[in-house]
Structures are given as C-alpha cells and as structure tokens.
Amino acid sequence: MATFDFIVVGSGSGGSAVTRRLVEAGAEVALVEAGPPGFGVEELDDPARWVSLAKGAYDWGHDYAPTDRVLGRVIPIPRGRVLGGSTATNAMMWYRGHPLDYDRWADTSPGWSFAECLPAFKRSEDWEGGASDLRGSGGPLRITRSPDPHPVAAAMLDGAAEMGLPILDDPNGPSNEGGALSNLNISGGRRHSAADGYLRPILGAANLTLIADSPVIRVILNGDRATGIVHRLGGREVVSEARLGVILAAGAIETPRLLVLSGIGPEDDLKRLGIAVALSRRGVGQNLQDHPLVRAVNCRARVPMGRPRDNGGGTILNWTSDPALPQADLHAFPVQGRSAVPAVLDRYGLDGDLFAIGPGLMRSHSRGYLRVLTAEPEGPLEIQPNFLADPRDLAALCRAVEFVQDMVEGPAFAHLFDGHAAPSARLSGGDLEGFVRLACSTFFHTCGTARMGADDDAVCTPRLAVRGLRGLWIADASVIPDIPSCNTHAPVTMIGERAATFVLEDA
Ligand SMILES: Cc1cc2nc3c(=O)[nH]c(=O)nc-3n(C[C@H](O)[C@H](O)[C@H](O)COP(=O)(O)OP(=O)(O)OC[C@H]3O[C@@H](n4cnc5c(N)ncnc54)[C@H](O)[C@@H]3O)c2cc1C
C-alpha cells in the first residue's frame, strides 16, 4: 500500500491541470488513470482522425439512452480512456464561450463570475496571438489557428459575412458573436492534449507517481474524511492512501458513478444497489446537460474535398436564434466531407463529393440525468440527456438548419455548393422538425452531474469540496452548474486550475 499527500483520479482536462499545479506546489501526488499513457499513438496524434476514435481502444464506449424525441435512436457519447482523457480524443477546439456563461454560475456559486475565472483561463493558455487582457501566453496548453484553412472553412467566413455577422479575429477575444478561425489545441500539426501540455513536462518529477491502466473502483471514507482509494492494478484490487485528500476528475459520467459506488448519492439508488449509505446526496447524477448538435447539414460538392486539414473543420460561427437574446445561442462548424449519424446515412445515402456544416445549440434548456444500474465497477449506466425535451431547443435547432441552408445557397459557397444532400431540399414545419429529430446528436459536452452551488442540493461547494465530507474534491465537468455556450475542454481546464488553488488552501 502506497501513501501520498493527494490522489487525483483521472487525467483529462480537469485532472491534468489540478495534478500539474499540486505537483508544482511540492505536494506528493499520485495520478491514477484507467487508460494507458497513449503517447506516440498516431491515431491520437493526427488531428484529422478524431472522429474515428469513438468506440475504439481509447474510448469508454458509453451511449445516451434513446427517447421518442430522437426517434428511438441510441446516441453514442464517447469519453477518452487514456492519459489526457477526452482531450486526447476530442476535436481540439479551444473556446471559452461568453462572460455571461460564468456570471450565471456566480448566481448560485459565489466566486465564479467571468472576472474571477479569467486569471485561471489565462494561466492555462499558450495562445499564438500572445498575452493580452483576455488571453494568456506561456501557459501549458498551446493554442493555434489554422495556417491554411480548408476551402470549406474559408467559405464559411465569407458566408458568415454575407449573413450579416461580424468576422472576428479571435472568438475568445472581446466578442464571440460572428465567424472566426477556430482556436485549436494543435501544435506543429499534431494534437496537443492536456497530457502533452500539463503532464508531459512533469512526468519526471520526484513528487509525481503516475499510475496508468488502473481503474479506480471507489473512494475510501473514514468517518467523514476521504482517506484513499481502491483501484485495480495488474489484475488485483489495491488500496492507495491519501494523507490530505482525494480529487475526483473522472469526468461527468464516471465521477458520479464513483461517488455512488463510494456510498455518496441518492439514498434510494444506494439502497436499490445494496450499497451502504455513507452520505445522502440526491443531486449526484442529476442536472446532466449537453449541447445537441444536428449531424449534419450535408451538401453536394462541386469539387472533391481533398485531404482533411486541421481538425477536419477550421472555423466557427456563433449567432443568435432570436435577436432578443443577450448572447449567441447557436454555433456551427464546417466539415471537410460527409458528416452524418447512421439514421441520416440510411435515409439519404450520401455518396459522392460532399461537405457538411454542423449546427448546434449552445444554450440548451433540456436537462437529463445519469443512473447507476448495478454496483459492478464498470456495469451499465442509464445516461439520459433528454435532448429536445424543451420545445425551445427544437425550435432553435430548426432555425439553425434554415440559417445554414441560407448561407450555403449564397455567393460565398457558389464555387462549392452543388445542391442540398441531407436534408435533400429546403424543409419547413413538421418536416424540418423531423430532420432535426433524425439528425440530433451530441456536441460531446456532458456536464453538470455533481454540480457545485451554495444550496442544499448541490453536490459540492463553490470551492469544489464534496459537501458534508472532508478531503474529497471534484475537479471535472461534473461540477458545472449550467452548461456554458462553448466546447467544454477550456472551461474544465479552468476548473482544474482553480481546484488546485482551493485544495492547497483548504486541505
Ligand atoms: C469526441 C469528443 C470531441 C470533443 N470535442 C471537443 C472540442 O473540440 N473542444 C472542447 O472544448 N471539448 C470537446 N469535447 C469535450 C471535452 O473534451 C470534455 O468535456 C472535457 O475534456 C472533459 O474533461 P473532464 O476532465 O471532465 O473529463 P475527461 O477529459 O473525460 O477525463 C476523465 C478521465 O478520467 C479517467 N477515468 C474515468 N473513470 C476513471 C476511473 N474509475 N479510474 C481512473 N480513471 C478514470 C478517464 O479515463 C479520463 O482520462 C469533446 C469530447 C469528445 C469525447
């Protein structure tokens, strides 16, 4: 049995950041990761190959449960199972959203306004544009723009301007509404994951022990204090002890599972599973949020698309479904080829030269849940995002599809656009809603399942400590109270940075 000051469980966006900062502060840290190290694996490093990683060797292989609202379809929800977590398998977008996203967090979690989060965002960044009031440089994560955008990405910028949107130098700058070249975690043409940026430079540190290929089974509680973990290592169950505490950073699906397997969760669920109740917390697994994505609006292409560049996209577009909204709620990215869920492929065929645009809803109102179905460490889960449960979400996505079809019919796409492919024509009313239901997929931004807050139902405090326990913190996407209007790697990295500060001050 080994003993450390801190044990960090999981090495994704949150876990990598918290580990780096604890190690730099001189603490003795064990980082325990279920997946392998994954360095030097071509399919992970090549930025254009991320889509093919789902359900593969480096994915947990989860699915969202079906509902009638998405026509009974199962929607896969990939999560990286490798050092770097989902940042080793994701689409590499670095996007922080809108200041109001974080100001809303501060309504229920004092201390989390954008102004209070900004220093941690900047600390994490090595932005190619250099340091400014809003951006950081010299931090662990390299952030670049495409040196040579693909023609579809370039057309989307011109198309945005034709649709009356501003063209932004930087979507993480003073305004995010408009079209822009994406900020990407790509360095020298290769993926730059949280493992590359935060962990690789400290792997030789004497006070860091990396334990890979070692799934954690539960947290050990001694009275009201977390004192260690039980994890699998080389086919055996072993115990590792933490003098000062355990930080869960296993992500928004596995962290609530670990809480439940440790006896922390809704009392009824724990009893049903035959797990002794250590701490009744009915919020565990509730408040699950994700962004619905229409995958995708496909168009026939006049010319072959050629080899994919960058992350297969290259630009982003943010705009509002309703001018009365205080911030952009819709978001789209280009795809340098076909992009379709199986149901869309079955319906439309989609052979030949194609390009696509994926519109998504970044201020979704629907809320879901996660339920642990057995007490087995990697047993089945019911993961339900409730996509399109709120009629406002369906209406906004219909408007998004219409906007994208207007844009591709305009002059900016004239050299590329050769007709609609999926949907195969302009649609309206129930037909358009039917297409959105058929194509509704995920932006991969699962969060909120162990939310922070100052209220009694919150799972952790605004300083990320599990309420009612000592020595147990959460530093991943689970703690997000309200999904921000952006991809979630940047916000969770910021959470990891801040978690380290809280842990060092409060342990
Ligand atoms: C396909 C895909 C594309 C995406 N694209 C983007 C994008 O372009 N931009 C963006 O900002 N976001 C994107 N995201 C989302 C973003 O990557 C995640 O929201 C973010 O990385 C989550 O960080 P996390 O720390 O909460 O969890 P993760 O990064 O998932 O890390 C959790 C870690 O914990 C480990 N773990 C889990 N359970 C255990 C256990 N029991 N024992 C030990 N270790 C465990 C996992 O293996 C993993 O390494 C994408 C995600 C996916 C999957």
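This one's a predicted model, so the numbers in the text were calculated from it and none came from an experiment.

For the rest of this paragraph, the subject is the overall build of the protein. Secondary structure summary: the protein contains twelve helices and 25 strands in total. Judged by the C-alpha coordinates and their principal axes, the protein covers about 65 × 50 × 45 Å. Per-residue burial over the protein gives 62% buried out of 507 residues. Considering only contacts within the protein whose residues lie at least 6 apart along the sequence, 70% involve residues at least 24 apart. In the structure as shown, the protein presents an accessible area of about 17,700 Å², 50% of it carried by carbon and sulfur atoms.

The omega torsion of the bond from Arg295 to Ala296 falls at -5°, within 30 degrees of zero and hence cis. Phi is positive for Asp213, which is not a glycine, with a value near 50°. Located in the positive-phi region is Leu350, a residue other than glycine, with phi close to 65°. Within the fold, Leu350 resides in the loop between α9 (342–348) and β20 (354–361).

Turning our eyes to something else, we now look at the nonpolar core. Ranked by internal contacts, the top residues of the largest apolar core, which has 151 residues, are Leu259, Phe355, Phe413 and Leu472. Of the residues forming this core, the biggest block, ten residues, is contributed by helix α10 (residues 391–408). When residues of this core are assigned to domains, at least three map to each of domain 1 (2–36 + 193–284 + 447–506) and domain 2 (146–181 + 290–442).

So, about empty space enclosed by the protein. By rolling a water-sized probe across the atoms, one finds the places where empty space is left. Under the counting rule described, the total for this entry stands at three cavities of 30 Å³ or more. The calculated volume of the largest cavity comes to roughly 90 Å³. Lining of the largest cavity is provided by Pro37, Gly38, Phe39, Leu44, Asp45, Val82, Leu83, Ala88, Arg191, Ser193, Ala195 and Asp196. Mapped by element, the contributors of at least two residues to the lining of the largest cavity are α2 (42–45) and α6 (194–199). Of the residues that constitute the lining of the largest cavity, the class distribution is seven nonpolar, two polar and three charged.

The full count for this structure, using the stated rule, is 35 salt bridges. Across the salt bridge formed by Glu497 and Arg123, the nearest N and O atoms sit 3.0 Å from each other. One end of the pair, Glu497, is in helix α12 (residues 489–506); the other, Arg123, is in helix α4 (residues 114–124), and 374 residues separate them in sequence. Residue class for Glu497 comes out buried when judged on its relative accessible area of 1%. Here Arg123 falls in the partly exposed class, since its relative accessible area comes to 36%. When salt bridges with common partners are traced through the structure, they connect Arg20, Arg21, Glu24, Arg123 and Glu497 into a single cluster.

Taken as a whole, the second largest pocket spans an internal volume of roughly 240 Å³. Ser321, Leu325, Asp329, Arg363 and His365 are, among the 15 residues lining the second largest pocket, the residues nearest its centre. Sort the elements by how many residues they give to the lining of the second largest pocket and α10 lands first, with five residues. For the lining of the second largest pocket, the per-class residue count stands at five nonpolar, three polar and seven charged.

Scanning all chains against the criterion turns up 13 aromatic pairs. Each residue in the set Tyr102, Trp105, Trp112, Phe114, Phe121 and Phe502 is aromatic and connected to the rest through ring pairs, giving one cluster. Note that Arg96 overlies the ring of Phe121, its terminal NZ or CZ placed 5.1 Å from the centroid. Over the aromatic face of Trp112 sits the side chain of Arg498, whose NZ or CZ is 4.4 Å from the ring centroid.

The next point concerns the site of the ligand. Ser13, Glu33, Ser86, Thr488 and His489 are the nearest of the 39 residues found near the ligand. Separating an oxygen atom of the ligand from a backbone N or O atom of Gly14 is a distance of 3.0 Å. Residue Met93 places a main-chain N or O atom 2.9 Å away from a nitrogen atom belonging to the ligand. Bound to the protein, the ligand loses 98% of the 1,000 Å² it would expose on its own. Those elements that provide at least two residues to the shell around the ligand are α1 (13–24), α7 (251–261) and α12. Broken down by element, the shell around the ligand gets its largest block of residues, three residues, from α7. Here the shell around the ligand is composed, by residue class, of 17 nonpolar, 17 polar and five charged.

Residue position: Ser485 is located in the loop between β25 (472–474) and α12. Taking C-alpha positions, Ser485 is 8.9 Å from Gln327, a pair spaced 158 residues apart along the chain. Ser485 has contacts with Tyr95, Gly97, His98, Asp101, His291, Gln327, Ala328, Met362 and Arg363, leaving out every residue within four places of it along the chain. A distance of 3.3 Å separates the side chain of Ser485 from the side chain of Gln327, its partner in a polar contact.

Attention shifts here to the domain arrangement of the protein. Domain boundaries in the protein define domain 1 (2–36 + 193–284 + 447–506) and domain 2 (146–181 + 290–442). If you average the C-alpha positions of domain 1 and of domain 2, the two centres end up 33 Å apart. In total, domain 1 and domain 2 occlude about 1,700 Å² of area from one another, counting both sides; carbon and sulfur atoms represent 54% of this. The interface formed by domain 1 and domain 2 contains two salt bridges. Our count for the contact surface shared by domain 1 and domain 2 stands at seven residue pairs in polar contact (both at pLDDT 80 or more). For the side of domain 1 that touches domain 2, the secondary-structure elements that each account for two or more residues are α7 and α8 (267–273). Per element, the largest residue contribution to the side of domain 1 that touches domain 2 is seven residues, and it comes from α7. Along the lines of polarity and charge, the residues of the side of domain 1 that touches domain 2 split into twelve nonpolar, two polar and six charged.

With respect to the secondary-structure elements, Ser11 resides in the loop between β1 (2–9) and α1. Once you skip the residues sitting within four places of it in the chain, Ser11 turns out to touch Ser16, Leu31, Glu33, Val82, Leu83, Gly84, Gly85, Leu199 and Ala249.

Examined bridge by bridge, strand β11 (residues 216–222) and strand β12 (residues 225–233) share six bridges and lie antiparallel to one another. When the sheet's bridge partners are listed, Ile220 is paired in β12 with Gly228. Here β11 hands over to β12 after two residues, with Gly223 in that stretch at a positive phi of 65°. In terms of strand pairing, β12 meets strand β13 (residues 236–248) through six bridges, oriented antiparallel. Residue pairing across strands places His231 opposite Val238, the latter belonging to β13.

Here is what the cut-offs are and how they apply
Position numbers for residues count from 1 along each chain, tracking the sequence in the order it is written. Local features in this predicted model are restricted to residues whose pLDDT is 70 or higher, and side-chain atom pairs enter the listing and the counts only when it is 80 or higher, whereas totals over whole chains, interfaces and linings include all residues. Here the side-chain values reflect all heavy atoms present in the structure, with hydrogen atoms and water set aside. Helix and strand definitions here come from DSSP, where helices need a minimum of 4 consecutive H or I residues and strands a minimum of 2 consecutive E residues; each element is numbered from the N-terminal end. Buried residues are those whose accessible area, probed at 1.4 Å on protein chains only, stays under 20% of the maximum for their type, while exposed residues exceed 50% and partly exposed ones sit between those limits. The criterion used for residue contact is that any of the two residues' heavy atoms lie within 4.5 Å. For every accessible area listed, the method is Shrake-Rupley and the probe measures 1.4 Å; residues are considered covered only by the protein chains on display. In plain words, nonpolar cores are sets of buried Ala, Val, Leu, Ile, Met, Phe, Trp, Tyr and Cys residues tied together by side-chain atoms within 4.5 Å. By convention here, the domain bounds are inherited from an automatic or database domain assignment. Only protein atoms enter the 1 Å grid used here, on which a cavity is any set of points holding a 1.4 Å probe that cannot leave and a pocket is any open set flanked by protein within 12 Å on both sides along at least five of seven lines; residues with an atom within 4 Å of a point are listed as lining. Grid points are joined across faces, edges and corners, and a volume is the space filled by probe spheres set on the points. By the convention adopted, Pro, Cys, Tyr, Trp, Phe, Met, Ile, Leu, Val and Ala count as nonpolar, Lys, Arg, Asp and Glu as charged, and the other residues, Gly among them, as polar. The salt bridge criterion pairs a side-chain nitrogen of Lys or Arg with a carboxyl oxygen of Asp or Glu, the two atoms within 4 Å. Ring pairs are drawn from Phe, Tyr and Trp, using the six-membered ring of Trp, whenever the two centres fall within 6.5 Å, and their geometry is named by plane angle: stacked under 30 degrees, edge-to-face over 60, tilted for the rest. In our convention, an over-ring charge means Lys NZ or Arg CZ found within 6 Å of a ring centre and within 35 degrees of that ring's normal. The nearness test applies per residue and asks whether one of its heavy atoms lies within 4 Å of the molecule or strand. Any N or O atom pair separated by 3.5 Å or less is treated as a polar contact, with the protein-specific requirement of one donor-capable and one acceptor-capable atom, and with residues adjacent in sequence counted only for side-chain atom pairs. The term buried area means the drop in 1.4 Å probe accessible area that two parts suffer when joined, counted for both and summed. Pairing between strands requires that DSSP locate at least two bridges from one strand to the other.

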